[in-house]
Amino acid sequence: MILKISEPCNNRGALSAAALQEMGYNNTMFMAGGKIAYHAQQRSYDSMWDQRYASKDYLYGTEPNGFLQDNVALLPKKKVLCLADGEGRNSVYLAGLGYDVTAVDSSKVGLKKAQQLAKAKGVAITTVHADIADYDLGIEQWHGIVSIFCHLPPQLRLELHSKIYPALVVGGVLILE
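Note that the coordinates shown come from a computational prediction; the quantities given were computed from them, not determined experimentally. (Residues numbered from 1 in each chain as written. Predicted model: local features only at pLDDT ≥ 70, side-chain atom pairs only at ≥ 80, totals over all residues. Heavy atoms only, no water.)

A.B. asks: Explain the pairing of strand S5 (residues 142–147) to me, using residue names and the numbers behind them.
C.D. replies: Taken across its six residues, S5 has six buried, putting it largely inside the fold. The sheet contact formed by strand S2 (residues 79–83) and S5 spans four bridges and is parallel. Each residue of the ladder has a partner; that of Leu-83, found in S5, is Ser-147. As paired strands, S5 and strand S6 (residues 168–176) are joined by five bridges and run parallel to one another. In the strand pairing of S6, Gly-144 is matched with Val-173. The β-α-β motif built from S5, the intervening helix H7 (residues 154–167) and the parallel element S6 has right-handed crossover chirality. (Buried < 20%, exposed > 50% of the residue type's maximum accessible area, 1.4 Å probe, protein only. Helix = DSSP H or I, 4+ residues; strand = E, 2+ residues; numbered from the N terminus. Pairing = 2+ DSSP bridges. Right-handed = clockwise from strand over helix to strand, strands pointing away.)

Written out as C-alpha cells, the structure reads:
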C-alpha cells in the first residue's frame, strides 16, 4: 500500500475510521487485543527477535525488500523512518540512495547488525531501540515512512498506523507492505 499525504493533518490526531477502514481495518479490530496484554508479552517478544537475529547470517538477507525497491521512487529524498527494520536491509538500502534514514526496532541485536551492515556498505543510518507501540513518531517529522512486515498484534498495528498520517509532512509518503 502506498499512501501520499496531500494536506496537513488538521486534527493532529489519528487517521479517521473511514481511512482506517480503507486500509483494511474494520470496527471489530478497534476492540481487539489491548496494549496491556502486549506490554506483558513485550519482553519475551523482544527476546524472541534478539534470538532470531543472533545468527551471524542475516535472517532476511541484506538485499532490500522487493516492494520497497519497486516503489522507492515515490519517496521524497529527505527524512525517512523505517519501522520495525530489524537487521536494517531496508534502511541501509535507502541510505545508499541518499535518504536520511532512521530505523526503529525493538531488537538490540537486530539494530547492531543494521549498523554493521551500514558500515559494510559505507553508509550511515540512525538506529533507535524502542518498543514500537510506544515510539513517538512525532508530528510532521517524516517525508517518508516505510513499514515492511511490521509484526504487531492487530490492535497495536491499528494504533501505530493511526500515528503515521500526522507524522508525515505534506507530500510525505507511506510505503506499507
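Now that the structure has been shown, we can carry on.
A.B. asks: Tell me about the environment of Ser-55, and please be specific about residues and values.
C.D. replies: Relative to the helices and strands, Ser-55 is located in the loop between helix H3 (35–52) and helix H4 (66–71). A distance of 3.0 Å separates a polar side-chain atom of Ser-55 from the backbone nitrogen of Asp-57. (Polar contact = N/O pair within 3.5 Å; in protein donor to acceptor, adjacent residues only side chain to side chain.)

A.B. asks: Before we move on, can you summarise the packing of aromatic side chains with the specific residues and values?
C.D. replies: Applying the stated criterion to the full structure yields zero aromatic pairs. The aromatic ring of Trp-142 is capped on one face by Lys-79, whose charged end is 4.8 Å from the ring centroid. (Phe/Tyr/Trp six-rings, centres within 6.5 Å; stacked < 30°, edge-to-face > 60°. Lys NZ or Arg CZ within 6 Å of the ring centre and 35° of its normal.)

A.B. asks: Pulling in residues and values, what's your account of the nonpolar core?
C.D. replies: Of all hydrophobic cores here, the largest spans 20 residues; its most connected members are Leu-68, Leu-75, Leu-94 and Val-146. With four residues, the top contributor of residues to this core is helix H5 (residues 89–96). Other than its neighbours up to four places away in sequence, Val-146 contacts Leu-68, Leu-75, Val-80, Leu-81, Cys-82, Leu-83, Leu-94 and Ile-175. Counting 19 residues, the second largest nonpolar core, distinct from the first, contains Val-104, Leu-156, Ala-167 and Leu-174. (Core = buried A, V, L, I, M, F, W, Y, C linked by side-chain atoms within 4.5 Å. Contact = heavy atoms within 4.5 Å.)

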